[in-house]
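Each chain, written out:
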Amino acid sequence: MFKKIIILFIIATLASCSSGKPAIATTKKTAAVQKPRVATTKKATNSKPIANKYPSTNNTTEVIQSTSKTVVTSNVITDYVLQYKDIAMGNMQKYGIPASIILAQGILESGAGKGDLAMEANNHFGIKCHSDWLGESVRHDDDAAQECFRKYTEASESYRDHALFLVGKKRYANLFTFEKDDYKAWAKGLRAAGYATDPNYPDKLISYIERYNLHQYDCLVTGKDYKPFEKSGSNSTKTTSPTKSSNSNSNSNDPNLYEVQQGDTLYSISKKFNVLVDDLKRKNNLLDNSISIGQKLKVK
């Protein structure tokens, strides 16, 4: 009788152990089902859309023709100046080249950073290889088909090489006899020394310098007072006169407001009233640098 009780106890124990096994198997199976969810989450993270770096604006556009034909807005040019002005002023201090000339050449030769050479090779000054160049290069159509141009790892290297290029070539020695901030003499001197074949090259550089107030960076280096360029000539006189009248009328009503005129940019307005571009955008709830003629902006 006692033996039967022991046998029944053993059978009951074995039955209870075997009944627990499916629960363990089910747990493992459930855990395995969770794996694909992790993979799906990672994939969704990698598929996030990338926003456009340069959103379209309603600003005026212009065509920059140098080593390539590039269409840009005035905002792009303004942003380019703000990005490289410190490098330009540093090169002016170290090498004696006007910051305004450096920036104007950068705008023209690189299409304000949007030209083919700038995008492909970080070449912002259209400098060709020449026999003394030992670095990387790219081929690009210019005066002749598939000419050799210098390639840089980053844009700052192009700015430094531009300065060394002018300092190191004998044909540019005459440039350094001009006043350090005489941008008109430098613009004409670059063309005379053979930097560019375009006969209008000096006028283009001077135009960028005066339209975007680049001479102010020369003055920051030399310590001279800067006076914003005033338009002159038959065409600009027609637009300048009503602009002054309009400004005086709008300011007489409210000195804190300024009415946007033809040719104005947020950057030029910020310099006119000695405020930061970001402050202008904040005061007027602007999401970007787009402004329109006749628009009234809070400037104080």
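See above for the structure.
Report follows, based on the coordinates. (Residues numbered from 1 in each chain as written. Predicted model: local features only at pLDDT ≥ 70, side-chain atom pairs only at ≥ 80, totals over all residues. Heavy atoms only, no water.)

1. Brief notes about the pattern of salt bridges
- Taken as a whole, this structure holds ten salt bridges when the rule is applied.
- Ionic pairing is found between E147 and K128, a salt bridge with its closest N-O pair at 2.9 Å. With E147 in strand β4 (residues 147-150) and K128 in the loop between α5 (116-121) and β3 (137-140), this pair connects stretches of sequence that are 19 residues apart.
- K204 is the partner of D198 in a salt bridge, and the nearest nitrogen-oxygen pair spans 2.6 Å.
- Connected through shared salt-bridge partners, D132, R150, D161 and K169 make up one network. (Salt bridge = Lys/Arg side-chain N within 4 Å of Asp/Glu carboxyl O. Helix = DSSP H or I, 4+ residues; strand = E, 2+ residues; numbered from the N terminus.)

2. Side note on the side chain of R150
- For R150, the position within the fold is in strand β4.
- For R150, a relative accessible area of 4% puts it in the buried group.
- Within the structure, R150 has its side chain in polar contact with the side chain of D132 (distance 3.5 Å). (Buried < 20%, exposed > 50% of the residue type's maximum accessible area, 1.4 Å probe, protein only. Polar contact = N/O pair within 3.5 Å; in protein donor to acceptor, adjacent residues only side chain to side chain.)

3. Some points on the environment of S158
- Looking at the secondary structure, you find S158 in helix α6 (residues 155-168).
- When its relative accessible area of 0% is taken as the criterion, S158 is described as buried.
- Sequence separation between S158 and A121 is 37 residues, and the spatial gap between their C-alpha atoms is 9.3 Å.

4. Topic: unusual backbone geometry
- For Q146, which is not glycine, the phi dihedral falls at a positive 50 degrees.
- As for its placement among the helices and strands, Q146 is situated in the loop between β3 and β4.
- For Q146, a relative accessible area of 44% translates into the label partly exposed.

5. Some remarks on the environment of Q216
- Mapped onto the elements, Q216 comes out in helix α9 (residues 215-222).
- Note on Q216: relative accessible area 9%, which makes it buried.
- Taking the C-alpha atoms as reference, Q216 lies 5.5 Å from Y226; in sequence the two are ten residues apart.
- Engagement of the side chain of Q216 in a polar contact is seen with the backbone oxygen of N213, the distance being 2.9 Å.

6. Structural notes on the packing of aromatic side chains
- Under the criterion given, the structure shown has ten aromatic pairs.
- With a centroid separation of 6.1 Å and 55 degrees between ring planes, the pair formed by Y172 and Y195 is classed as tilted. Separated by 23 residues along the polypeptide, Y172 in the loop between α6 and α7 (183-192) and Y195 in the loop between α7 and α8 (201-211) bring together distant segments of the chain. Per residue, the accessibility class of Y172 equals that of Y195, and both read buried.
- For the pair Y258 and F273, a centre-to-centre distance of 5.3 Å together with 65 degrees between the ring planes defines the contact as edge-to-face. Of this pair, Y258 sits in strand β5 (residues 257-259) while F273 sits in the loop between α11 (266-272) and α12 (277-283), placing them 15 residues apart in sequence.
- Cluster of aromatic residues (ring-pair linked, three or more members): Y80, Y84, F125 and Y159. (Phe/Tyr/Trp six-rings, centres within 6.5 Å; stacked < 30°, edge-to-face > 60°.)

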